[in-house]
Amino acid sequence: MTTKQYLAALKKLGLRPSGKATAAALGVSVRQLQYYAAGAPVPEPIAIILRMLRQATPRAHRASTPAAPAAAPASSGDAPE
């Protein structure tokens, strides 16, 4: 994973390249994140985690989106007059 791909993956996930949440999600220090953002090689395990998170994110958003309400049943004409 290149630095450009790394930064694009973080952006797509809404993570900051120097954030504590990003460091916790990837299991590395904030300093290490800064090295990756500056051009240091991104280790394959970190790249794999980012790819998995990117793939899982759209599914998670779809699952959390409420379903459209069901259409109201048609009137059967049994209403009192």
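This text goes with the structure placed above it.
Here's what I pulled together on the structure shown here. (Residues numbered from 1 in each chain as written. Predicted model: local features only at pLDDT ≥ 70, side-chain atom pairs only at ≥ 80, totals over all residues. Heavy atoms only, no water.)

Considering the environment of Ala47
Checked against the element boundaries, Ala47 lands in helix 4 (residues 44–64). Look at Ala47 and you get buried, because its relative accessible area is 0%. Apart from the residues lying within four places of it in its own chain, the contact partners of Ala47 are Met1 and Val42. (Helix = DSSP H or I, 4+ residues; strand = E, 2+ residues; numbered from the N terminus. Buried < 20%, exposed > 50% of the residue type's maximum accessible area, 1.4 Å probe, protein only. Contact = heavy atoms within 4.5 Å.)

Points about the pattern of salt bridges
Tallying each qualifying case throughout the model produces 1 salt bridge. The closest approach of N and O atoms between Glu44 and Arg51, which form a salt bridge, is 3.2 Å. (Salt bridge = Lys/Arg side-chain N within 4 Å of Asp/Glu carboxyl O.)

Some points on the nonpolar core
Across soluble globular proteins, nonpolar side chains have a tendency to be buried as a group. Tyr6, Ala9, Leu10, Ala23, Leu26, Leu33, Tyr36, Val42, Ile46 and Leu50 form the largest nonpolar core, which has 10 residues in total. Secondary-structure elements contributing two or more residues to this core are helix 1 (3–13), helix 2 (20–26), helix 3 (30–37) and helix 4. The dominant element in this core, judged by the number of residues it contributes, is helix 1, at 3 residues. Once residues lying within four places of it in the same chain are set aside, the contact partners of Val42 are Met1, Tyr6, Tyr36 and Ala47. (Core = buried A, V, L, I, M, F, W, Y, C linked by side-chain atoms within 4.5 Å.)

Quick look at the environment of Gly27
Mapped onto the elements of the fold, Gly27 is located in the loop between helix 2 and helix 3. With relative accessibility at 65%, the residue Gly27 sits in the exposed group. Distance in space between the C-alpha atoms of Gly27 and Ile46 is 8.6 Å, their sequence separation being 19 residues.

Considerations on the environment of Ala23
Among the secondary structure elements, Ala23 is positioned in helix 2. Classification of Ala23 by relative accessible area gives buried; the value is 6%. Each C-alpha atom, one on Ala23 and one on Leu33, is 6.8 Å from the other, the two residues being 10 residues apart in sequence. Aside from chain neighbours lying at most four places away, what touches Ala23 is Val28, Ser29, Val30 and Leu33.

Quick word on the packing of aromatic side chains
In this description, a pair of aromatic rings is defined by centroid distance and the angle of the planes. According to the stated counting rule, one finds 1 aromatic pair in the structure shown. Ring centres of Tyr6 and Tyr36 lie 5.7 Å apart, and the angle between their planes is 85 degrees; this geometry places the pair in the edge-to-face category. Placement of the pair is Tyr6 in helix 1 and Tyr36 in helix 3, with a sequence separation of 30 residues. Note on accessibility: Tyr6 and Tyr36 belong to one class, buried. (Phe/Tyr/Trp six-rings, centres within 6.5 Å; stacked < 30°, edge-to-face > 60°.)

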